[in-house]
Amino acid sequence: MKTTFTLLCFFSLSMLLCGCPYSSPYSLDDAPTIYVEDNLLGKWATFVKKPGSQKEEPVKLILGRKTDTEYSIAFTGYLDELKKYGVVKSDSITGTAFMSTVGDYQFLNINIQNRVYVTQFIVKKNETISILPLVEHFTSKMVSNAQGLRTAVDYHYKMRVHPMIDEEFCLRNMVRVN
């Protein structure tokens, strides 16, 4: 009986960890070094599917300039799924972000409530952007500083054909809106 209970607890814990984007107290760089790109500033929007439904809901991303190397960032729209994580306090999620490059990939370090969410950032030629957050268990290593996180992300992207991203939280093919 005790073994069954232990297995059930481990299974529940693993399911819980699989449902979250990766967050850390560390970012990929100790300080931002890549300048803000003016062509990325503004409002971007996409539709996301509600879990367990085919219905799509709008989500908007607003990027502004905080400093020469940092963005102010806000997410609005369908945020119901994020309420259980405690990051939504009103109708939007706000924070700061900055770009990092690891290998051939561009990442956005999004800082919300002192947690950094590492997301692959893709700009396509048809003028769409995508934000793909890494899944919580993308690495089994303990990350204790920015260099350790950078090494783990670099290794992950070199060793996997398809990087582990959290599909529930992806914002794909966002288009510029007014």
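Residues numbered from 1 in each chain as written. Predicted model: local features only at pLDDT ≥ 70, side-chain atom pairs only at ≥ 80, totals over all residues. Heavy atoms only, no water.

Take the pattern of salt bridges next. Opposite charge on two side chains permits them to pair, given that their charged atoms come into close proximity. All told, the structure shown has five salt bridges when counted by the stated rule. Among the ionic pairs, Asp38 bridges to Arg65, the shortest N-O distance being 2.1 Å. On the criterion of sequence distance, the pair formed by Asp38 in the loop between strand 1 (23-24) and strand 2 (42-49) and Arg65 in strand 3 (residues 56-65) is long-range, its members being 27 residues apart. By relative accessible area, Asp38 is classed as exposed at 51%. Where Glu167 meets Arg172, a salt bridge forms, and the shortest distance between an N and an O atom there is 2.8 Å. (Salt bridge = Lys/Arg side-chain N within 4 Å of Asp/Glu carboxyl O. Helix = DSSP H or I, 4+ residues; strand = E, 2+ residues; numbered from the N terminus. Buried < 20%, exposed > 50% of the residue type's maximum accessible area, 1.4 Å probe, protein only.)

Of note, His156 is situated in helix 2 (residues 146-159). Residues contacting His156, with those up to four places away along its chain left out, are Leu134, Phe138, Pro163 and Met164. (Contact = heavy atoms within 4.5 Å.)

This part takes up the pairing of strand 9 (residues 171-177). Looking at chain direction, strand 2 and strand 9 are connected through three bridges and run antiparallel. Bridged to Trp44 within strand 9 is Arg176. In this sheet, strand 9 lies alongside strand 8 (residues 129-133) in antiparallel orientation, the contact comprising two bridges. Note that in strand 9 the partner of Ile129 across the bridge is Met174. (Pairing = 2+ DSSP bridges.)

In terms of nonpolar packing, the biggest core is built from 23 residues, with Leu61, Tyr71, Ile73, Phe75, Leu108 and Ile110 touching the most fellow members. Those elements that place two or more of their residues in this core are strand 2, strand 3, strand 4 (71-77), strand 5 (92-102), strand 6 (105-112), strand 7 (115-123), strand 8 and strand 9. Those residues in contact with Phe75 that lie beyond four places of it in its chain are Lys60, Leu61, Asp91, Ser92, Ile93, Ile110, Ile112 and Leu171. (Core = buried A, V, L, I, M, F, W, Y, C linked by side-chain atoms within 4.5 Å.)

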